[in-house]
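# Remarks on the overall topology
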Amino acid sequence: MISQYQESLLLSARTFQSGLLDATYEDVLENIDSGIILFDELGVISFVNKQMYGMLELQRHSLVGCTMAHLLSHIQLNRFKKRQLLSSYREMIYKGKPNYEFVDEFGRYWRVSLSSGETMKGYYLFTVKEISDYKLIEQTAYQNDNLAMLGKLSASIAHEIRNPLTAIRGFIQLLRPHLHQLGKDEYARIILAEIDRANDIIHEFLMSSKPSVPQVGMISVSALLKEAVLLTESEALMKGCQIHLHPLQGDMAISVDVKQMKQVILNMIRNAMEAITERSDDYTGTIEIGARREGAEVRIFISDNGKGMDICTLDRLFSPFFTTKENGTGLGLSVSDRIVKNHGGCISVSSRVNEGTRFVISLPLIQ
Ligand SMILES: Nc1ncnc2c1ncn2[C@@H]1O[C@H](COP(=O)(O)OP(=O)(O)OP(=O)(O)O)[C@@H](O)[C@H]1O
Ligand SMILES: [Mg+2]
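Not measured: the values here are computed from a predicted model.

### A look at the overall build of the protein chain
Tallying secondary structure elements over the protein chain gives eleven helices and twelve strands in all. Looking at the protein chain as shown, the accessible area adds up to about 20600 Å², and 56% of this sits on carbon and sulfur atoms.

### With respect to the nonpolar core
Ile 254, Ile 269, Ile 287, Val 298, Ile 361 and Leu 363 are the most contacted members of the largest nonpolar core, which has 42 residues in total. The element contributing the most residues to this core is helix α9 (residues 258-279), with nine residues. In this view, Leu 363 contacts Ile 254, Val 256, Met 261, Ala 296, Glu 297, Val 298, Ile 300, Val 340, His 343 and Gly 345; residues no more than four positions away in its chain are not counted. Core analysis: the second largest hydrophobic core is formed by 22 residues, Ile 45, Cys 66, Leu 71 and Phe 126 among them.

### Here we look at unusual backbone geometry
It is generally the case that most residues other than glycine have a negative phi and that most peptide bonds are trans. Phi at Glu 57 is positive, roughly 55°, even though this residue is not glycine. Along the chain, Glu 57 turns up in the loop between α3 (50-56) and α4 (68-72).

### Re the layout of surface pockets
With a probe scaled to a water molecule rolled over the atoms, the places where space remains empty come into view. Computed from the structure, the largest pocket encloses a volume of approximately 1100 Å³. Contributing to the lining of the largest pocket are 43 residues, with Asn 267, Asn 271, Thr 329, Leu 331 and Gly 332 lying nearest its centre. Broken down by element, the lining of the largest pocket gets its largest block of residues, ten residues, from α9. Taken together, the residues of the lining of the largest pocket sort by class into 20 nonpolar, 15 polar and eight charged.

### Considering the site of ligand 1
Around ligand 1 there are 20 residues in total, and Thr 323, Thr 324, Lys 325, Thr 329 and Leu 333 lie nearest to it. One of the side-chain nitrogen or oxygen atoms of Asp 304 is found 3.0 Å away from a nitrogen atom of ligand 1. Side-chain polar atom of Thr 357 to a nitrogen atom of ligand 1: 3.4 Å apart, as the coordinates give it. Here ligand 1 loses 91% of its free accessible area of 600 Å² to cover by the protein chains. Of the pockets mapped on this structure, ligand 1 occupies the largest pocket. If you list the elements that add at least two residues to the shell around ligand 1, you get α9, α11 (332-342) and β12 (356-364). Here the shell around ligand 1 gets three residues from one element, more than from any other, and that element is α9. Each residue belonging to the shell around ligand 1 can be placed in one class, and the counts come to eight nonpolar, ten polar and two charged.

### Quick look at the pairing of strand β9 (residues 285-294)
The pairing of strand β7 (residues 241-245) with β9 spans five bridges and is parallel. Across the sheet, the residue bridging to Cys 241 is Gly 285, located in β9. Where β9 meets strand β10 (residues 297-304), eight bridges bridge the pair, whose relative direction is antiparallel. When the sheet's bridge partners are listed, Ile 287 is paired in β10 with Asp 304.

### As for the pattern of salt bridges
Considering all chains together, one arrives at 21 salt bridges under this definition. Residues Lys 97 and Glu 91 are paired through a salt bridge, measuring 2.7 Å at the closest nitrogen-oxygen approach. With relative accessibility at 38%, the residue Lys 97 sits in the partly exposed group. Note that Arg 176 is salt-bridged to Asp 185, the shortest N-O span being 3.1 Å. On the accessibility criterion, Asp 185 (25% relative accessible area) is partly exposed. Connected through salt bridges with shared partners, the residues Glu 101, Arg 111, Lys 135 and Glu 138 form a single ionic network.

### What about the sheet that holds strand β2 (residues 45-48)?
What the five strands build is an open sheet, ordered β2-β1-β5-β4-β3; its pairing is antiparallel. Either end of the sheet is taken by a strand with one partner, and the two such strands are β2 and β3 (99-103). The average angle at which neighbouring strand axes cross in this sheet is 15°, direction not considered. As defined by bridge partners, strand β4 (residues 109-115) adjoins strand β5 (residues 124-130) across six bridges and the pair is classed as antiparallel. Across the sheet, the residue bridging to Ser 113 is Thr 127, located in β5. Each of β3, β4 and β5 touches helix α5 (residues 79-94); the most contacted strand, β3, lies at about 155° to it.

### Here's the deal with the packing of aromatic side chains
Counting across every chain of the model gives three aromatic pairs. Each ring, one from Tyr 89 and one from Tyr 94, has its centre 6.0 Å from the other, and the planes form 75°; the classification is edge-to-face. Residue class for Tyr 89 comes out partly exposed when judged on its relative accessible area of 26%. Cation over ring: Arg 358 sits above Phe 301, and NZ or CZ is 4.3 Å from the ring centre.

What counts, and where the lines are drawn
Throughout this document, residue positions are counted from 1 along each chain, in the order its sequence is written. To label them, take the chains in the order written and letter them from A, then take the ligands in the order written and number them from 1. Per-residue local features are limited, in this predicted model, to residues with pLDDT of at least 70; the limit for side-chain atom pairs, both in listing and counting, is 80 or more; totals at the level of whole chains, interfaces and linings are taken over all residues. The basis for every side-chain value is the complete set of heavy atoms in the structure, and neither hydrogens nor water enter the calculation. In this description a helix means any DSSP run of H or I spanning at least four residues, a strand means any run of E spanning at least two, and both kinds are numbered starting from the N terminus. Here the open area of atoms and residues is found with the Shrake-Rupley method and a 1.4 Å probe, where only the protein chains shown may cover a residue. Put simply, buried Ala, Val, Leu, Ile, Met, Phe, Trp, Tyr and Cys residues joined by side-chain atoms within 4.5 Å make one nonpolar core. Here's how the labels work: a residue is buried when its accessible area is under 20% of the maximum for its type, exposed when over 50%, partly exposed in between, all with a 1.4 Å probe on protein chains only. Whether two residues are in contact is decided by their heavy atoms: any pair within 4.5 Å suffices. Whether a set of points on the 1 Å grid over the protein atoms alone is a cavity depends on a 1.4 Å probe fitting there but being unable to get out, while an open set qualifies as a pocket with protein on both sides within 12 Å along at least five of seven lines; lining residues are those with an atom within 4 Å of a point. Grid points are joined across faces, edges and corners, and a volume is the space filled by probe spheres set on the points. Classification convention: Asp, Glu, Lys, Arg as charged; Ala, Val, Leu, Ile, Met, Phe, Trp, Tyr, Cys, Pro as nonpolar; all other residues, Gly among them, as polar. Proximity is defined per residue: any heavy atom of the residue falling within 4 Å of a molecule or strand makes that residue near it. Between N or O atoms, a polar contact is any pair within 3.5 Å; within protein, one atom must be a potential hydrogen donor and the other a potential acceptor, and residues adjacent in sequence are included only when both atoms are from side chains. By definition, a pocket or cavity contains a molecule when more than half of the molecule's atoms lie within 2 Å of the pocket's grid points. In this description, strands pair whenever DSSP reports at least two bridges between them. Criterion for a salt bridge: a side-chain nitrogen of Lys or Arg within 4 Å of a carboxyl oxygen of Asp or Glu. Here an angle of 0 to 180 degrees is reported between the N-to-C directions of two axes, which are lines fitted to C-alpha atoms, with helices fitted over the stretch in contact. Classification of ring pairs uses Phe, Tyr and Trp, with its six-membered ring standing for Trp, and accepts pairs whose centres are within 6.5 Å; under 30 degrees between planes counts as stacked, over 60 as edge-to-face, and the remaining range as tilted. In our convention, an over-ring charge means Lys NZ or Arg CZ found within 6 Å of a ring centre and within 35 degrees of that ring's normal.

As structure tokens, then:
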């Protein structure tokens, strides 16, 4: 099946081939938002539009008269483009697929299509179009679908996890007076606070198909970060990671749901620890945490020198259930992303394989 769009391209190309191409048609083919190559019945390029020779970074005159084999061995064609052309050729000519999609070296998505037909008299029309915007819409729809599914799954997960948590909470409360006598009441306080946080996370799962309204309170950024570091320091030490909390310049206050925001920062610190341990067992990693004011916003950063991420991982980072870990759920960042967005903020990330990753959470400051 060829689309209406391809049909109009075929019509223009046919007109061109039958010698009827006037200035208007030539203009249409030249200025269309796709790259076009027309191969004749012998497989020789008879027409290339501006978009296409621009994409290939070649001169038009060096393309017309070439075959696909000539094109693939073109001395000025860069190796990424050669590889993409070769894959498109393989998928469409050998495997007979009408379309082929690929991601280029800059992370942009492209769709290549090949059209021919009886009316084309053996000619082939090869079109290339950037589809990054459509991909973004597709990914958002996929993400929303997953969130809806998550809503259903979470009901049964919550039921299974909440019951043992309630039992643990009850027993800790019974043990609390004894711990108090031993001067270890702080341990009981931490266990209870963590159980409450786990319960809140379950609640968050249950609510994840509906956007939950944050229970907003005021907190200083420095207190928030200190508390998150306190909760993860011992785990970090055991995993051979050092956490370095940068002193903050000036007092900055934010109006957030403290539990939710703590969950976001803990998710990121845990990911950083895991990225460091995944790099190698005896590697000493460092996690840098800090914040700085940027106009009316605060930028909280969490960076690590762990294993880093490739472009495919970066692309799917915030999709629910996306994980590269054997025991991961792939929910940490998708939930964090939603929490930060609910607070009017955003998360950005930069990463390099084998060098590390930096997450930046931007949130509006209380003026
Ligand atoms: N700091 C980081 N360094 C390298 N990769 C990371 C980092 N943070 C996240 N990732 C990648 O992103 C993926 C998704 O992270 P996310 O926190 O959403 O889920 P997870 O950690 O796999 O599982 P969990 O739900 O248990 O947190 C991870 O599996 C990992 O591949
Ligand atoms: Mg995680």
